[in-house]
Amino acid sequence: QVQLVESGGGLVQPGGSLRLSCATSGIIFSANAMSWYRQAPGTERELVAVISSSGNTIYAASVKGRFTISRDNIKNTVNLQMNSLKSEDTAVYYCNTRRNGVAYWGQGTQVTVSS
């Protein structure tokens, strides 16, 4: 079955950096677009970044220029490098993909930006 496992979250000060990773199994990774979403308390889940199977990327306006999504088709992982973090980036971050029209999610990893 499809499994997505996020790691790399934690507590960081404003202006700091974190790198999230999502390990996948059960999909033909190189053929799948991969996404990162986030959800802060009391808000809806929102798209952060997408990377296509060919490596094209799309970012939410709020993170453009600060976050970088990348993929490793050998290790079947997708990463999110987050720089210049702000308090408003605090959220649970989720990895996402689709297979045969069905959306799959990881369990999420908490990112807290606070001094």
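Everything below is about the structure printed above this text.
All figures in this text were calculated on a predicted structure; none of them were measured in a lab.

Can you walk me through the nonpolar core in this structure?
Looking at soluble globular proteins, one finds that nonpolar side chains tend to be buried together. If you look at the biggest cluster of nonpolar residues, it comprises 26 residues, and the most contacted ones within it are Trp36, Val78, Leu80, Met82 and Tyr93. Going through the elements one at a time, strand 3 (18–25), strand 4 (34–39), strand 5 (46–51), strand 7 (67–72), strand 8 (77–82), strand 9 (91–99) and strand 11 (109–113) are the ones with two or more residues in this core. Discounting chain neighbours no more than four positions away, the residues touching Tyr93 are Glu6, Leu20, Trp36, Tyr37, Arg38, Val48, Phe67, Leu80, Met82, Gly108, Thr109 and Val111.

What is the right way to look at the sheet that holds strand 8 in this model?
The strands making up a sheet associate through backbone hydrogen bonding, with each pair oriented either parallel or antiparallel. One open sheet accounts for 4 strands, arranged 1-3-8-7; its pairing is antiparallel. In this open sheet, the two edge strands, each paired with only one partner strand, are strand 1 (3–7) and strand 7. Each neighbouring strand pair of the sheet contributes to a mean axis angle of 15°, computed without reference to strand direction. As defined by bridge partners, strand 3 adjoins strand 8 across 6 bridges and the pair is classed as antiparallel. In the sheet register, Cys22 faces strand 8, and the bridge partner there is Val78.

What's the story with the pattern of salt bridges in this structure? I'm lost.
Close approach of charged atoms allows side chains with opposite charge to pair. According to the stated counting rule, one finds 3 salt bridges in the structure shown. Between Glu46 and Arg38 there is a salt bridge, and its shortest N-O distance comes to 2.7 Å. Classification of Glu46 as partly exposed rests on a relative accessible area of 36%. Residue Arg66 pairs with Asp89 through a salt bridge whose shortest N-O separation is 2.8 Å. Taken together, the residues span a long stretch of sequence, with Arg66 in the loop between strand 6 (57–59) and strand 7 and Asp89 in the loop between strand 8 and strand 9 at a distance of 23 residues.

The rules behind each value
- Residues numbered from 1 in each chain as written.
- Predicted model: local features only at pLDDT ≥ 70, side-chain atom pairs only at ≥ 80, totals over all residues.
- Heavy atoms only, no water.
- Core = buried A, V, L, I, M, F, W, Y, C linked by side-chain atoms within 4.5 Å.
- Buried < 20%, exposed > 50% of the residue type's maximum accessible area, 1.4 Å probe, protein only.
- Helix = DSSP H or I, 4+ residues; strand = E, 2+ residues; numbered from the N terminus.
- Contact = heavy atoms within 4.5 Å.
- Pairing = 2+ DSSP bridges.
- Axes fitted to C-alpha atoms, helices over the stretch in contact; angles between N-to-C directions.
- Salt bridge = Lys/Arg side-chain N within 4 Å of Asp/Glu carboxyl O.

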